[in-house]
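Chain and residue survey
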Amino acid sequence: MANPKRSILIVDSDAFLAGVYARRFESGNWSVRVAESAAEAEKLVAKKVPDAAILDPDSVDGAEALIKRWRMAPKTAGITLIVLTKIGDREAVDRALASGADSYLLKGHFVPSEVREKVERLVADGA
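Figured I'd write up the structure that's included with this text. (Residues numbered from 1 in each chain as written. Predicted model: local features only at pLDDT ≥ 70, side-chain atom pairs only at ≥ 80, totals over all residues. Heavy atoms only, no water.)

**Description of the overall build of the chain**
The cut-off we apply is this: A helix here means a DSSP run of H or I that spans at least four residues, while a strand means a run of E at least two residues long, and both kinds are numbered starting from the N terminus. Burial classes: relative accessible area under 20% of the type maximum marks a residue as buried, over 50% as exposed, and values in between as partly exposed (1.4 Å probe, protein chains only). Accessible areas in this description were obtained via Shrake-Rupley with a 1.4 Å probe; residue shielding takes into account the shown protein chains only. Just so you know, the count uses Lys and Arg for positive and Asp and Glu for negative, and it drops His and the chain ends. One atom stands in for each charge, and that atom is NZ of Lys, CZ of Arg, CG of Asp or CD of Glu.
For the chain, the helix and strand inventory stands at 5 helices and 5 strands. The order of helices and strands in the chain, counted from the N terminus, is β-α-β-α-β-α-β-α-β-α. With respect to the principal axes defined by its C-alpha atoms, the chain has extents near 45 × 35 × 25 Å. Of all 127 residues assigned to the chain, the portion counted as buried reaches 43%. Put simply, the chain shows about 6,700 Å² of open surface, and 52% of that area lies on carbon and sulfur atoms. Between the mean site of the 19 positive side-chain charges and the mean site of the 19 negative ones, the chain shows a separation of 5 Å.

Right, here's the structure in full:
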């Protein structure tokens, strides 16, 4: 029996990078939606809650607040949330994880296929 198609929301103001990640997830049979802002992400999630979301707090204002809101709302509490950013200082990592992110990945340390594999493991494990 085939697995149902999983869905992911990529929230990044860099449309080019978001597109690179979107194509990598689509090649792995994911349904992908992309938002360039926290407000746009909220609208998309209100329509359909994804299995996972990748957010870049460096390029999206209010990403940490968005993570906290999604963690507190019963409808969105189960989304696997991954922070994918170029900010690697310990304080940023701690803040993101404290706000409810399931994982923190550094851009440049993981190629898109590795990001997809990590997200797939987190979703399968129920993060």
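**Description of the packing of aromatic side chains**
Here is the rule we go by: Paired rings are identified among Phe, Tyr and Trp, the last through its six-membered ring, by centres lying within 6.5 Å, and are further divided according to the angle between planes into stacked (under 30 degrees), edge-to-face (over 60) and tilted (the rest).
Here the structure, examined in full by the defined rule, presents 1 aromatic pair. Between Phe25 and Trp30 the ring centres are 5.3 Å apart and the planes differ by 85 degrees, which places this aromatic pair in the edge-to-face class. Summarising the burial analysis for this pair, Phe25 and Trp30 share the class buried.

**Description of the packing of helix H1 (residues 15-27) against helix H5 (residues 112-124)**
Convention followed: A fitted line through C-alpha atoms represents every axis, and for helices the fit uses only the stretch in contact; the resulting angles, taken between N-to-C directions, go from 0 to 180 degrees. For classification purposes, angles smaller than 35 degrees are called roughly parallel, those larger than 145 roughly antiparallel, those between 65 and 115 roughly perpendicular, and all remaining angles oblique. In this scheme the handedness of a crossing depends on how the near helix is turned from the far one: anticlockwise by less than a right angle means left-handed, clockwise means right-handed. Throughout, a residue-residue contact means that at least one pair of heavy atoms, one from each residue, lies within 4.5 Å. Residue type decides the class: Asp, Glu, Lys and Arg count as charged, Ala, Val, Leu, Ile, Met, Phe, Trp, Tyr, Cys and Pro as nonpolar, and the leftover types, Gly among them, as polar.
The interhelical angle for the contact between H1 and H5, taken along N-to-C directions, is 55 degrees, at an axis separation of 9 Å. Classified by the interaxial angle, the pair formed by H1 and H5 is oblique. Considering how the two elements wind past one another, H1 and H5 form a crossing that is right-handed. Between H1, through Val20, Tyr21, Arg24, Phe25 and Ser27, and H5, the contact on the second element is made entirely by Pro112, Ser113, Val115, Arg116 and Val119. For the contact of H1 with H5, the per-class residue count stands at 6 nonpolar, 2 polar and 2 charged.

**Focus on the nonpolar core**
As a rule of thumb, soluble globular proteins bury nonpolar side chains together. Keep this limit in mind: Here, nonpolar core means buried Ala, Val, Leu, Ile, Met, Phe, Trp, Tyr and Cys residues that are tied together by side-chain atoms lying within 4.5 Å of each other.
One finds Leu9, Val11, Ala41, Ala53, Leu55, Trp70 and Leu81 to be the most contacted residues of the largest nonpolar core, which totals 22 residues. Where this core is concerned, the elements lending two or more residues are strand S1 (6-11), helix H2 (38-47), strand S3 (52-55), helix H3 (63-72), strand S4 (80-85) and helix H4 (90-99). Ala18, Tyr21, Ile82 and Leu122 belong to the second-largest nonpolar core, a separate cluster that totals 16 residues.

**Some words on the environment of Tyr104**
Selection rule: Think of a polar contact as two N or O atoms within 3.5 Å of one another; within protein, one of them needs to be a possible hydrogen donor and the other a possible acceptor, and neighboring residues in sequence only count if both atoms come from side chains.
Its place among the elements puts Tyr104 in strand S5 (residues 103-106). For the pair Tyr104 and Thr85, spaced 19 residues apart in sequence, the C-alpha to C-alpha distance is 7.9 Å. In contact with Tyr104, other than residues within four places in its own chain, are Val83, Thr85, Ile87, Ala92, Val93, Ala96 and Leu97. Of note is the side chain of Tyr104, whose polar atom sits 2.4 Å from the backbone oxygen of Ile87.

**Considerations on the sheet that holds strand S2 (residues 30-35)**
The line we're drawing: At least two bridges found by DSSP between two strands are what make those strands a pair.
A sheet is described by the order of its strands in space; here 5 strands give the open sequence S2-S1-S3-S4-S5, paired in parallel fashion. Each edge of the open sheet carries a strand with a single partner, namely S2 and S5. Strand after strand, the sheet turns through a mean of 20 degrees between neighbouring axes, direction not considered. In this structure, S3 lies alongside S4, joined through 4 bridges in parallel fashion. Across the sheet, the residue bridging to Ala53 is Leu81, located in S4. Across the sheet, H5 lies against S1, S2, S3, S4 and S5, angled at about 155 degrees from S4, the strand it touches most.

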